Number of protein chains: 4
Amino acid sequence: MMNIRGFASDNNAGASPEVIRKLEEVNQGHVVGYGDDPYTAAAVELFRKHFGQDAIPYLVFTGTAANVLSIAAGGSPFNSVFCAETAHIQVDECGAPERFTGCKLIPVSTGNGKITPSMLTKHMTGFGFEHHSQPGILSISQTTEMGTLYQADEIRELAEFAHKYGMILHMDGARLSNAAAALGLSLKEITRDAGVDILSFGGTKNGLMAAESVVFFRKELSETFKYIRKQGMQLASKMRFVAAQFIAFFENDLWLENARHANTMAQKLYEAIKDIPEITITQKVEANGIFAIIPKNIISRLQEEFFFYVWNEDRGEVRWMTSFDTTDTDIENFVKVLKKLLASG
Amino acid sequence: MMNIRGFASDNNAGASPEVIRKLEEVNQGHVVGYGDDPYTAAAVELFRKHFGQDAIPYLVFTGTAANVLSIAAGGSPFNSVFCAETAHIQVDECGAPERFTGCKLIPVSTGNGKITPSMLTKHMTGFGFEHHSQPGILSISQTTEMGTLYQADEIRELAEFAHKYGMILHMDGARLSNAAAALGLSLKEITRDAGVDILSFGGTKNGLMAAESVVFFRKELSETFKYIRKQGMQLASKMRFVAAQFIAFFENDLWLENARHANTMAQKLYEAIKDIPEITITQKVEANGIFAIIPKNIISRLQEEFFFYVWNEDRGEVRWMTSFDTTDTDIENFVKVLKKLLASG
Amino acid sequence: MMNIRGFASDNNAGASPEVIRKLEEVNQGHVVGYGDDPYTAAAVELFRKHFGQDAIPYLVFTGTAANVLSIAAGGSPFNSVFCAETAHIQVDECGAPERFTGCKLIPVSTGNGKITPSMLTKHMTGFGFEHHSQPGILSISQTTEMGTLYQADEIRELAEFAHKYGMILHMDGARLSNAAAALGLSLKEITRDAGVDILSFGGTKNGLMAAESVVFFRKELSETFKYIRKQGMQLASKMRFVAAQFIAFFENDLWLENARHANTMAQKLYEAIKDIPEITITQKVEANGIFAIIPKNIISRLQEEFFFYVWNEDRGEVRWMTSFDTTDTDIENFVKVLKKLLASG
Amino acid sequence: MMNIRGFASDNNAGASPEVIRKLEEVNQGHVVGYGDDPYTAAAVELFRKHFGQDAIPYLVFTGTAANVLSIAAGGSPFNSVFCAETAHIQVDECGAPERFTGCKLIPVSTGNGKITPSMLTKHMTGFGFEHHSQPGILSISQTTEMGTLYQADEIRELAEFAHKYGMILHMDGARLSNAAAALGLSLKEITRDAGVDILSFGGTKNGLMAAESVVFFRKELSETFKYIRKQGMQLASKMRFVAAQFIAFFENDLWLENARHANTMAQKLYEAIKDIPEITITQKVEANGIFAIIPKNIISRLQEEFFFYVWNEDRGEVRWMTSFDTTDTDIENFVKVLKKLLASG
């Protein structure tokens, strides 16, 4: 078991100290359970401040839950859900979307994690044909699982495409903060204003302990969601402690500060290695993830000192994620070891 | 929105301060996510200390999840699950067990929340008959939703009954600590040693923030559980923070201290009101809940000052739960107001 | 394996000869599959003739499918379905409703298989309360599984009750023909006109081979049903052969003739045994089923000569069903053996 | 609505006359329902004669049901199912597999409908990793949806591959008869003997009315299947009428005769058009289906006289299926019209 620092995932980091302090702060006296408390009300207000007054947020515990319950709310079991073949819902949720919603997921090959309308056109068939799962949801990730970003215009174009075909646009925003920070746009500009219908907005990967959310931008889609969340086993009895995390997140723009820091660290790492001839950066470094092909023979030795995941064994492609608590020293140490291994390789 | 003290539920209380302190303590540096970290390992060891070396615990976020995933692990969709008609799985989980597991729940009328073998006998039919859901799981709650307790012998008898018919014995131990405290027995004596196969062991109602668990006492039932938990959207990425809560729970016997306190407060309340002629206590007060019929005309006025639930509107039956943070003053104030209302009633 | 005549079930009989002839008749040339053929169109017209021009019928293979898919169309997974504790959906479908729809079934104790509004009142709670399955469907059987009948007024009253609480009224009409025949009312009068929203209308128990249907009386409930039927694995590729059975059913009022005959045979059996002192008839004989308590010691000997089911082993209660092909001789032989066994008892 | 002859699908044909005759023959007297009757026993024996004495067949109504229930029997909800991207379970069952089983389907790009081990290798990862659906089932179609065939050796190789990775090999044999006829092998040689674990064996596309089956070659996989079939709404009450169809199918080798005829007609059509320069045959013609690219401008005019499906609108690719009742005249007329349209095109 490792307890060393690393670049494995933004959830190997702990929580921002402000979050723990906020938990302590709300831990006073009795409040009604299950969300009918002043802290949850305050969190809802903060969501609305950032996502617009008509945003309807629901808090849950995990990112998988946010995604799966979004699909359950936005579709019927006979619907298909289009997503990148690298999407979290496709490869990292053990089939939870299928099990809970009954929907069919249709993976789309993208290269860089970003779907474009032209990739979807050939799937826009079979409407009304009962033999085929009916196109129901387009799900995109922002930032993508490949560390890349959708521009606001690209999202708008996808929303228009989805809506033209009667589909819902869902966004997996587990790393939405990093996208907003990188694009210099508000959370609202790249979600509600760009046509997103249902958003999974994550906090855990950006400095919270265990706090995620489903945010609806269309009231009619949210109307039975409280039952779906309960059936999805995601209704917190002591909701104030989930709410508190989001309060800390929004207060003093912790979400933005954390995300900016992680992004900056990724850029720093990128700058430090981009010219190393033995290393090929395989995706644009737009947020807090770097994908790179490195000599296979140094991978395991590098992992002995810094934990990270191999993305593609065949190609020798690895993924390095930075987080809100990555330090300059982390980067420097890492690059130092990396270079040493390459030299001795 | 109320922020007043009350007797609504043991989850209107916050968390024990030790829990927040432990969160702070584990919030250091990087650890691997999803449970492969030293804190989770430590929590597992503590579970084993209390439940036996062969106990296999999995951490989850909610009590509903612990129950539903227990059923998913212990049964097949064509199985029936027998439970008290007052059981949490039957009345308080919005049908989550049916939705996630496909099983049929068969409620048994009990009066006091406790199932006996004789109540089940008539259901022990149709084995091998494909038209009938096949008896698969017996689920009991300890303490029951009516505030009553099973003696260790009663559990053993139910386990023998269940096993004789090829069923699994599941225990919903959302308030197991209160039972152990009241019975003066170890957690192991009223679970594993009494024949329980799968246990939902709760922390949240007894002073944790959001930490529950599924504990297997038969290895073969647990073998695919990690996938079930993931599909159940209950795999914490920053698992250390769920583990930390259980570490605090077991350290210095916080679980026992909290449960004892809640039980003591219930007894104190009971003693203060049991001889009031206008009040009829409807269930044995064995743990931390009191069920009582009180004059209907004072219920809403009493609720204005102390939050609690009406259990049965017709009968004027109410439920008062005490918790780890109920104080002598809470009891005294409550009894004072109660008596005043009865006098003026 | 028995091949003897008996009173086990109306589906131990074969099919009316007219049905086989109709299969032969439609077995000519090519038609489009999956229901877009002239025979299905003709069957739909016949349904509309009997159930009203706004009836929307869908053909399926089994009665369990008709019921389960009706529930899937009329409810959401977070809904509860109220039914008699003797209902087919509760006791004879191996939990298929729960598995396919996710809904919670709530059995209501009735004695004679008939639900009344007063039995439901206590369940009409928890609306909007996310912890509780939301009342969504009231499902009644006509005729009931106890051989009894709802009068048209009783159905109307239940429909009003259901609609008042925002619920759908579903009728399991596996033996609807027998009810219409016994009541001297049209199929429409005891379904659409009485407020039924979704009907399972059965043919198999009344002389068809394998042909059942779901009939919608509210268009908006049917709008996605074709996908539900397909997902429910009930879309016949060679639909003409299911349609043909219903064409034969409606032509020359075969449905009515068959049902009347079965009812008459039940009355005949009833008349022949009602005054036998050792026999207690336990339910009103209103359609084609008789429930009776007979001396336990003769049950198995009687079963050696005529196949039938024991309904309640403890009480010595048995069920005798007559069918479209029961003959006077069947009744006479049966009564003769019964009396002989009682005499020798 | 068309009633014209065509090449749309082998289920636009009716049933072999022998099938109707057999229905008439078994329609005598009473037999026990749900499969405990002499006709079902006889059908089971015939299955064993063709598939081996250890084959365990279950009868169902639809091909979708046979596939979906096979997956339910062979996998758990956390399993993935690999299939060709053209597989019936992937594109023609409206997501029924996902809804009923909860499994994730992973489509594999093949070109000709045939999977090879090398296409699967990259998916053989993540075993034991709870984030990923666990590889559980490999499902292949024989004949494939592209009209092509697996050789017995190719199946064996896939079975070995599947078993090496702990997966089950499922075969969708909706058109297995055509494959056996084309290969000149017995049904057993291309299923059980080649390593298939669970088989969907179809009758409907080859001259039956509505009769399909699930055949297990490993007893342990079948042990709870009767409950799965019932929950899957596929248990026929008057089972003798499904059994009768299979009796007719196996008697006098009707299955083989029908399949051979359909295959021969496809070859005949192929011979008649293969040298037409405006037509490109896109798949090997190995069984009873032909895929061809034809000039787009004649497609709809050709469809006015003969019903068939466009497979790929962009390419102008169409599918022509022959069936047991396709006649020489059908072929001649079709080719005549086709040539006329091409000439006038």
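Source: prediction; values computed, not measured.

### So, the overall build of chain A
Here is step 1 of the chain: Broken down by element type, chain A carries 14 helices and eleven strands.
Here is step 2 of the chain: Taken over C-alpha atoms, the radius of gyration comes to 20 Å for chain A, in line with the 20 Å a tight globule of 345 residues would show.
Here is step 3 of the chain: For chain A, the spread of C-alpha atoms along the three principal axes comes to 60 × 55 × 35 Å.
Here is step 4 of the chain: Going through the 345 residues of chain A one by one, you find that 67% of them count as buried.
Here is step 5 of the chain: Accessible surface, chain A as shown: approximately 11300 Å² in total, 48% of it carbon and sulfur.
Here is step 6 of the chain: In chain A, 33 side chains carry a positive charge and 41 a negative one; their mean positions are 1 Å apart.

### Overview of the side chain of Glu98(A)
Here is step 1 of the chain: By the element assignment, Glu98(A) lies in helix α5 (residues 96-101).
Here is step 2 of the chain: Judged by relative accessible area, which is 1%, Glu98(A) ranks as buried.
Here is step 3 of the chain: Separated by 2.6 Å, the side chains of Glu98(A) and Lys104(D) make a polar contact.
Here is step 4 of the chain: Not counting chain neighbours up to four residues away, the residues in contact with Glu98(A) comprise Cys103(A), Leu105(A), Glu98(D), Gly102(D), Cys103(D) and Lys104(D).

### Describing the relation of the copies chain C and chain D
Here is step 1 of the chain: Least-squares fitting of chain C to chain D yields an RMSD of 0.0 Å, with the transformation described by 0.0 Å of translation along the axis and a rotation of 180°. Such values leave the two copies arranged in the relation of a two-fold axis. Relative to the rotation axis, the C-alpha of Phe100(C) is the closest in chain C, positioned 3.3 Å from it.
Here is step 2 of the chain: Looking at chain C, 100% of its interface residues are interface residues in chain D too, so the copies touch through the same face.

### Remarks on the relation of the copies chain B and chain A
Here is step 1 of the chain: After a rotation of 180° and a shift along the axis of 0.0 Å, chain B superposes on chain A with an RMSD of 0.0 Å.
Here is step 2 of the chain: Of the residues that chain B buries at the interface, 100% are likewise interface residues in chain A, meaning the two copies contact each other through the same surface.

### Structural notes on the interface of chain B and chain A
Here is step 1 of the chain: Tallying the contact residues gives 63 residues for chain B and 63 residues for chain A.
Here is step 2 of the chain: Both sides together, the interface formed by chain B and chain A hides about 5300 Å², and carbon and sulfur atoms give 56% of it.
Here is step 3 of the chain: If you look at where chain B meets chain A, you find zero salt bridges.
Here is step 4 of the chain: Seen at the junction of chain B and chain A, the total is 38 residue pairs in polar contact (both at pLDDT 80 or more).
Here is step 5 of the chain: Contributing elements (two or more residues each) for the side of chain B that touches chain A: α1 (17-26), α2 (38-51), α3 (63-74), α5 (96-101), α10 (225-231) and α11 (240-250) of chain B.
Here is step 6 of the chain: The greatest single-element share of the side of chain B that touches chain A, amounting to five residues, is contributed by α3(B).
Here is step 7 of the chain: By residue class, the composition of the side of chain B that touches chain A is 30 nonpolar, 20 polar and 13 charged.

### Structural notes on the pattern of salt bridges
Here is step 1 of the chain: If you walk through the whole model with that rule in mind, you get 76 salt bridges over all chains.
Here is step 2 of the chain: The closest approach of N and O atoms between Asp193(A) and Lys188(A), which form a salt bridge, is 3.5 Å.
Here is step 3 of the chain: Look at Asp193(A) and you get partly exposed, because its relative accessible area is 30%.
Here is step 4 of the chain: Here Glu271(D) ties to Lys274(D) by a salt bridge, and the two come within 3.6 Å at their closest N and O atoms.
Here is step 5 of the chain: According to the relative accessible area criterion, Glu271(D) is partly exposed, its value standing at 46%.
Here is step 6 of the chain: Residues joined by salt bridges that share partners form a network here, namely Asp54(A), Lys188(A), Arg192(A) and Asp193(A).

### Some points on helix α8 (residues 176-183) of chain D
Residues and elements named next belong to chain D.
Here is step 1 of the chain: Burial within α8 is extensive, with seven of its eight residues counted as buried.
Here is step 2 of the chain: Taken as a whole, α8 has its buried residues at Leu176, Ser177, Asn178, Ala179, Ala180, Ala181 and Leu183.
Here is step 3 of the chain: Its buried side turned inward, α8 meets α2 (38-51), β5 (168-173), β6 (198-202), α11 (240-250) and α12 (254-273).
Here is step 4 of the chain: Looking one or two places after α8, you find Gly184, whose phi comes out positive at around 70°.

### Quick notes on the sheet that holds strand β8 (residues 280-281) of chain C
Residue and element names in this part refer to chain C.
Here is step 1 of the chain: Strand order across the open sheet formed by four strands is β8-β9-β11-β10, with antiparallel pairing between neighbours. Since the sheet does not close on itself, it has two edges, and those belong to β8 and β10 (309-312), each with one partner.
Here is step 2 of the chain: Where β8 meets strand β9 (residues 289-293), two bridges bridge the pair, whose relative direction is antiparallel. Among the inter-strand pairings, Ile281 is bridged to a residue of β9, identified as Ala292.

### Focus: the domain arrangement of chain A
Residues and elements named next belong to chain A.
Here is step 1 of the chain: The domain boundaries assigned to chain A delineate domain 1 (16-252) and domain 2 (254-344).
Here is step 2 of the chain: Between the C-alpha centres of domain 1 and domain 2 the distance comes to 28 Å.
Here is step 3 of the chain: Contact residues are listed per partner, giving 26 residues for domain 1 and 19 residues for domain 2.
Here is step 4 of the chain: Carbon and sulfur atoms supply 54% of the area buried between domain 1 and domain 2, which totals about 1900 Å² over both sides.
Here is step 5 of the chain: Where domain 1 packs against domain 2, one counts zero salt bridges.
Here is step 6 of the chain: Counting across the interface, domain 1 meets domain 2 through twelve residue pairs in polar contact (both at pLDDT 80 or more).
Here is step 7 of the chain: Elements with a minimum of two residues in the side of domain 1 that touches domain 2: α1 (17-26), α8 (176-183) and α11 (240-250).

### Remarks on the sheet that holds strand β6 (residues 198-202) of chain C
Residue and element names in this part refer to chain C.
Here is step 1 of the chain: One open sheet accounts for seven strands, arranged β1-β7-β6-β5-β4-β2-β3; its pairing is mixed. Each end of this open sheet is capped by a strand with a single partner; those strands are β1 (56-60) and β3 (104-108). In this sheet, neighbouring strand axes are inclined to one another by 20° on average, regardless of whether the strands run parallel or antiparallel.
Here is step 2 of the chain: Here helix α2 (residues 38-51) sits on the sheet and contacts β1, β6 and β7 (212-216); the angle it forms with β1, its principal contact strand, is near 125°.

### Concerning the pairing of strand β10 (residues 309-312) of chain B
Residues and elements named next belong to chain B.
Here is step 1 of the chain: Here three bridges tie β10 to strand β11 (residues 317-321), and the two strands are oriented antiparallel to one another. Each bridged residue has a counterpart across the sheet, and for Val310 the counterpart in β11 is Val318.
Here is step 2 of the chain: Adjacent in sequence and paired antiparallel, β10 and β11 are bridged by four residues, among which Gly316 carries a positive phi angle near 70°.

### A closer look at the environment of Ile228(B)
Here is step 1 of the chain: Relative to the helices and strands, Ile228(B) resides in helix α10.
Here is step 2 of the chain: Residues Ile228(B) and Arg319(B), spaced 91 residues apart in sequence, show a C-alpha to C-alpha distance of 34 Å.
Here is step 3 of the chain: Dropping the residues within four chain positions of it, Ile228(B) is found in contact with Leu69(B), Ala72(B), Ala73(B), Phe100(B) and Phe78(D).

### Regarding the interface of chain C and chain D
Here is step 1 of the chain: At the interface, 61 residues of chain C touch 63 residues of chain D.
Here is step 2 of the chain: Both faces considered, chain C and chain D share a buried interface measuring about 5200 Å² in area, 57% of it formed by carbon and sulfur atoms.
Here is step 3 of the chain: Three residues, His30(C), Met233(C) and Lys238(C), lead the burial of chain C against chain D; their summed loss comes to 18% of the area buried on that side.
Here is step 4 of the chain: Summed over the shared surface of chain C and chain D, the result is zero salt bridges.
Here is step 5 of the chain: On the surface where chain C and chain D come into contact, there are 38 residue pairs in polar contact (both at pLDDT 80 or more).
Here is step 6 of the chain: Of all the elements in the fold, those that place two or more residues in the side of chain C that touches chain D are α1 (17-26), α2, α3 (63-74), α5 (96-101), α10 (225-231) and α11 (240-250) of chain C.

### Thoughts on the packing of aromatic side chains
Two aromatic rings, taken as a pair, are described by how far apart their centres are and by the angle between their planes.
Here is step 1 of the chain: Tallied over the entire structure, the rule returns 102 aromatic pairs over all chains.
Here is step 2 of the chain: For the ring pair Phe47(A) and Phe51(A), a centre distance of 6.2 Å and an interplane angle of 25° mean the geometry is stacked. One end of the pair, Phe47(A), and the other, Phe51(A), are both in helix α2 (residues 38-51), four residues apart, so they sit about a helical turn from each other.
Here is step 3 of the chain: On the numbers, 6.0 Å between centres and 50° between planes, the contact of Phe201(C) with Phe249(C) is tilted. In this pair, Phe201(C) sits in strand β6 while Phe249(C) sits in helix α11, placing the two residues 48 residues apart along the sequence.

### Here we look at the nonpolar core
Here is step 1 of the chain: Counting residues in hydrophobic clusters, the biggest one holds 198 residues, and the most contacted among them are Phe51(A), Leu138(A), Phe201(A), Phe51(B), Leu138(B) and Phe201(B).
Here is step 2 of the chain: Filtering out sequence-adjacent residues up to four positions away, Phe51(B) remains in contact with Leu176(B), Leu187(B), Lys188(B), Thr191(B), Arg192(B), Leu199(B), Phe201(B), Phe217(B) and Phe250(B).
Here is step 3 of the chain: Core analysis: the second largest hydrophobic core is formed by 197 residues, Leu59(C), Phe249(C), Leu59(D) and Ala211(D) among them.

### As for α3(C)
Residue and element names in this part refer to chain C.
Here is step 1 of the chain: Taking 1.5 Å as the rise per residue, α3 with twelve residues should run 16 Å; its terminal C-alpha atoms sit 16 Å apart, in good agreement.
Here is step 2 of the chain: Where burial is concerned, most of α3 is hidden: eleven out of the twelve residues are buried.
Here is step 3 of the chain: All of the buried residues in α3 are Thr64, Ala65, Ala66, Asn67, Val68, Leu69, Ser70, Ile71, Ala72, Ala73 and Gly74.

### Structural notes on the packing of helix α13 (residues 296-305) of chain D against helix α14 (residues 328-344) of chain D
Residues and elements named next belong to chain D.
Here is step 1 of the chain: α14 packs onto α13 with a crossing angle of 150° between their chain directions and a minimal axis gap of 10 Å. Here α13 lies roughly antiparallel to α14, going by the angle between them. The handedness of the crossing between α13 and α14 is right-handed. From α13, Ile298, Arg301, Leu302 and Glu305 reach across to α14, where they touch Phe334, Val337, Leu338, Leu341, Leu342 and Ser344.
Here is step 2 of the chain: Of the residues that constitute the contact of α13 with α14, the class distribution is seven nonpolar, one polar and two charged.

So, how was this worked out
Residues numbered from 1 in each chain as written. Chains lettered and ligands numbered in written order. Predicted model: local features only at pLDDT ≥ 70, side-chain atom pairs only at ≥ 80, totals over all residues. Heavy atoms only, no water. Helix = DSSP H or I, 4+ residues; strand = E, 2+ residues; numbered from the N terminus. Rg over C-alpha atoms; globule rule 2.2 N^0.38 Å. Buried < 20%, exposed > 50% of the residue type's maximum accessible area, 1.4 Å probe, protein only. Areas by Shrake-Rupley, 256 points an atom, 1.4 Å probe, with all protein chains shown as cover. Lys, Arg positive; Asp, Glu negative; His and termini not counted. Charge placed at Lys NZ, Arg CZ, Asp CG, Glu CD. Polar contact = N/O pair within 3.5 Å; in protein donor to acceptor, adjacent residues only side chain to side chain. Contact = heavy atoms within 4.5 Å. Least-squares fit on C-alpha atoms with pLDDT ≥ 70 in both. Buried area = accessible area lost by both parts, 1.4 Å probe. Salt bridge = Lys/Arg side-chain N within 4 Å of Asp/Glu carboxyl O. Nonpolar A, V, L, I, M, F, W, Y, C, P; charged D, E, K, R; others polar. Pairing = 2+ DSSP bridges. Domains from an automatic or database assignment. Axes fitted to C-alpha atoms, helices over the stretch in contact; angles between N-to-C directions. Phe/Tyr/Trp six-rings, centres within 6.5 Å; stacked < 30°, edge-to-face > 60°. Core = buried A, V, L, I, M, F, W, Y, C linked by side-chain atoms within 4.5 Å. Expected span 1.5 Å × (residues − 1). Parallel < 35°, antiparallel > 145°, perpendicular 65-115°, else oblique. Left-handed = near helix turned anticlockwise from the far one by under 90°.

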